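# A structural walkthrough
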Amino acid sequence: MTVYERVRPLLFRLPAETAHGAIHGVLRRIGGTPIESVLGARYAVTDPRLRVETLGTVFPNPVGVAAGFDKNGEIPGVLASLGFGFVEVGGVTADRQAGNPRPRLFRLPEDRALINRMGFNNDGADAVGARLARTTVEVPLGINIGKSKSASPADAPADYRYSYERVAESGGFFVVNVSSPNTPGLRALQKSEALRRIVAGLREAGADPLLVKLSPDLTEPAVEDVLDIVEEFDLDGVIATNTTTARPESLRSPDRVETGGLSGKPIEARATRRVRFVAERVRSEVTVIGVGGVFTAADAYRKLRAGADLVQLYTGLVYRGPAVARDINEGLLALLERDGFDSAAEAVGADLDRAASEG
Ligand SMILES: Cc1cc2nc3c(=O)[nH]c(=O)nc-3n(C[C@H](O)[C@H](O)[C@H](O)COP(=O)(O)O)c2cc1C
């Protein structure tokens, strides 16, 4: 039994956000101390087969932390020391926001899932930008940008641009988040005209590389509309997917009735299908990041084979603990070897290639 497996029942007795706060607090205290390198030695899997070159940089491995875990950019270095190949901080908004009233984060243990309705609680782009400017991180750093609650749809482009300009110096890539379900009206910004204006403003301000993050609840034609914008503005990547407002019949945990976005195991297959749908349609210069229900190496491998260049996770970190990136990376190496791939990059889209050659 790992230490985390022993500690988890105690953590899970606390309200979910209290437990997250406790873990975050421990990680904050570790940041910048010698313990960080101790963690690095324990959790980092260094192997050239895991390296991924994309978005103009080198990712030491394809397993990243998804947005929302470190909303204020306080612990990207410590997360990197847990063996993650990249960290996406945020969502950051132009306004400093308290988010929705608590409770707003729920564990669904029987379903290996979470439901959250955080509502973009964050310190605001000025504070996060200043913090990140003082931070050095060993792995690529993504910055997820959301819309302030106070900004009307008409003001959204200026609102996103304001945030971008505050964090511009620190990001290795930038993510337009129009897919969180917890800011009223946000997901309507995925509609072509609204998204076009936001993306145009960010590109004009110099956002590069720029990615867009999709909701799993978009219809396929709506995804195709977003991909038209990806092409029109020569965007660098697509992240599939955010959380869903759907509630699959399979859910067993009492908290399945809570309002918010569902993440974890119940969205895994759906997110992988979305990765595949996107990967089949974009040119190979567009980076695809697969996220949703990645807990194990097999999960990560399915997303890579479906066309994801990189994967991310949030809920898997809550359920599997600090060794999750190491376990996935070690497991990926074994799977690559089993299937005769020389690198993770070589496995990307393997299922698509086969489908194409069979078809
Ligand atoms: C508590 C929580 C907060 C989140 N906050 C954000 C956010 O601010 N921006 C964003 O794009 N995604 C956010 N997400 C979505 C995750 O980045 C990810 O897309 C989703 O949880 C699916 O991945 P998972 O199944 O590995 O958790 C959040 C998820 C959770 C659970």
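Refer to the structure printed above.
Presented here is an overview of the structure given in this document. Values in this document were obtained by computation on a predicted structure and should not be read as measured data.

For the structure on display, the rule yields seven aromatic pairs. On the basis of an interplanar angle of 40° and a centroid distance of 6.5 Å, the ring pair of F59 and F173 is categorised as tilted. Linking F59 in strand β2 (residues 57-59) with F173 in strand β8 (residues 173-177), this pair joins segments that are 114 residues apart in sequence. The two residues F59 and F173 agree in class, both being buried. Centre to centre, the rings of F86 and F173 are 6.2 Å apart; their planes meet at 55°, and the pair counts as tilted. Residue F86 is located in strand β4 (residues 86-92), and its partner F173 is located in strand β8; the two are separated by 87 residues in the primary sequence. Across this residue pair, the class does not change: F86 and F173 are buried. Sitting above the plane of the F12 ring, R8 keeps its charged end 5.5 Å from the centroid. In this arrangement the basic side chain of R281 is found over the ring face of F277, its NZ or CZ atom lying 3.5 Å from the centre.

At a minimum axis distance of 8 Å, the contact between helix α9 (residues 268-281) and helix α10 (residues 297-305) shows a crossing angle of 25°. Taken together, the axes of α9 and α10 are roughly parallel relative to one another. Taken together, the residues of α10 that come into contact with α9 (itself represented by E268, A271, T272 and V275) are D299, R302 and K303. Grouping the amino acids of the contact of α9 with α10 by side-chain chemistry returns two nonpolar, one polar and four charged.

Close contacts around the ligand come from 27 residues, with A67, K213, G264, G293 and T315 the closest. Measuring from an oxygen atom of the ligand, one finds a backbone N or O atom of A67 at 2.7 Å. Contacts to the ligand include N144, whose side-chain N or O atom sits 2.9 Å from an oxygen atom. Protein contact buries 99% of the 610 Å² of open area that the ligand shows by itself. Residue assignment for the shell around the ligand shows that the elements contributing at least two residues are β4, β6 (113-116) and β11 (261-264). When grouped by side-chain class, the residues that make up the shell around the ligand number 10 nonpolar, 15 polar and two charged.

Spanning 13 residues, helix α8 (residues 220-232) covers 18 Å between terminal C-alpha atoms, matching the ideal 18 Å at 1.5 Å per step. Tucked inside the fold, the buried residues of α8 contact α7 (192-204), β9 (210-214), β10 (237-240) and α9. Phi turns positive, to about 55°, at D234, one or two residues after α8.

You can see T244 is positioned in the loop between β10 and β11. Take T244: its relative accessible area is 2%, and that puts it in the buried class. From its side chain, T244 meets the backbone nitrogen of A246 in a polar contact 2.9 Å long.

Before going further, it helps to examine the packing of α10 against helix α12 (residues 324-339). The N-to-C vectors of α10 and α12 enclose an angle of 60°; their axes lie 8 Å apart at closest approach. Relative to α12, α10 is oriented oblique. As for the relative orientation of α10 and α12, their crossing is right-handed in sense. Residues A297, A298, A300, Y301, L304 and R305 of α10 pack against D327, I328, G331, L332, L335, L336, R338 and D339 of α12.

Along β8, five of the five residues are buried, which leaves the element largely enclosed by surrounding structure. Side chains F173, V175 and N177 of β8 all project onto a buried face; the interleaved residues F174 and V176 project onto the opposite face, where all are buried too. In terms of strand pairing, strand β7 (residues 141-145) meets β8 through four bridges, oriented parallel. By the bridge assignment, G142 is partnered in β8 with F173. A crossover connection joins β7 to the parallel β8 through helix α6 (residues 156-167); in handedness this β-α-β unit is right-handed.

On to the sheet that holds β8. Taking strand neighbours around the barrel as the criterion, the eight strands line up as β3-β4-β7-β8-β9-β10-β12-β13 in a closed arrangement whose pairing is parallel. If you compare each strand with its neighbour and ignore which way they point, the axes differ by 25° on average. Its contacts with the sheet place α7 against β8 and β9, and it is angled at close to 155° to β9.

Turning to the pairing of β9, a few remarks are in order. Of all five residues making up β9, five are buried, and the element is well covered by its neighbours. Across the two faces of β9 the burial is the same, with L210, V212 and L214 and L211 and K213 all buried. As paired elements, β8 and β9 share four bridges and run parallel to each other. Considered in β9, the bridge of F174 is made with L210. Once the chain exits β8 it traverses α7 before rejoining the sheet at β9, and the crossover so formed is right-handed. Where β9 meets β10, four bridges bridge the pair, whose relative direction is parallel. What sits directly across from L211, in β10, is G237. Handedness of the crossover joining β9 and β10 through α8: right-handed.

Definitions and limits used
The written sequence of each chain sets the order in which its residues are numbered from 1. Local features in a predicted model are, by the rule used here, given only for residues with pLDDT of at least 70; side-chain atom pairs are given and counted only at 80 or more, and totals for whole chains, interfaces and linings are based on all residues. Side-chain numbers come from the whole structure's heavy atoms, not from hydrogens or water. Stacked, tilted and edge-to-face are the three classes applied to pairs of Phe, Tyr and Trp rings, where Trp contributes its six-membered ring and a pair requires centres within 6.5 Å; stacked means planes under 30 degrees apart, edge-to-face means over 60, and tilted covers the rest. What counts as a helix is a DSSP run of H or I of at least four residues, what counts as a strand is a run of E of at least two, and both are numbered from the N terminus. The classification of residues rests on relative accessible area computed with a 1.4 Å probe and restricted to protein chains. Under 20% of the type maximum is buried, over 50% is exposed, and intermediate values are partly exposed. When the NZ atom of lysine or the CZ atom of arginine is within 6 Å of a ring's centre and also within 35 degrees of its normal, the charge is said to sit over that ring. Structural elements are reduced to axes, namely lines fitted to C-alpha atoms, with helices fitted over the stretch in contact, and the angle between N-to-C directions of any two is expressed from 0 to 180 degrees. When describing relative orientation, an angle under 35 degrees is termed roughly parallel and one over 145 degrees roughly antiparallel, while 65 to 115 degrees is termed roughly perpendicular and anything else oblique. In this description, contact between two residues means that some pair of their heavy atoms is separated by no more than 4.5 Å. Note on residue classes: Ala, Val, Leu, Ile, Met, Phe, Trp, Tyr, Cys and Pro are nonpolar, Asp, Glu, Lys and Arg are charged, and everything else, Gly too, is polar. The rule for a residue being near a molecule or strand is that one of its heavy atoms must lie within 4 Å of it. Polar contact criterion, stated in full: a pair of N or O atoms within 3.5 Å, where within protein one must be able to donate a hydrogen and the other to accept it, and residues adjacent in sequence count only if both atoms are side-chain atoms. Computed by Shrake-Rupley with a 1.4 Å probe, the accessible areas treat only the displayed protein chains as cover when residues are assessed. In this scheme, a helix's expected span is set at 1.5 Å multiplied by one less than its residue total. Here a crossing is taken to be left-handed if its near helix is turned anticlockwise relative to the far helix by less than a right angle, and right-handed if that turn runs clockwise. For two strands to count as paired, DSSP must find a minimum of two bridges between them. When the strands point away from the viewer, a crossover counts as right-handed if the path from the first strand over the helix to the second runs clockwise.

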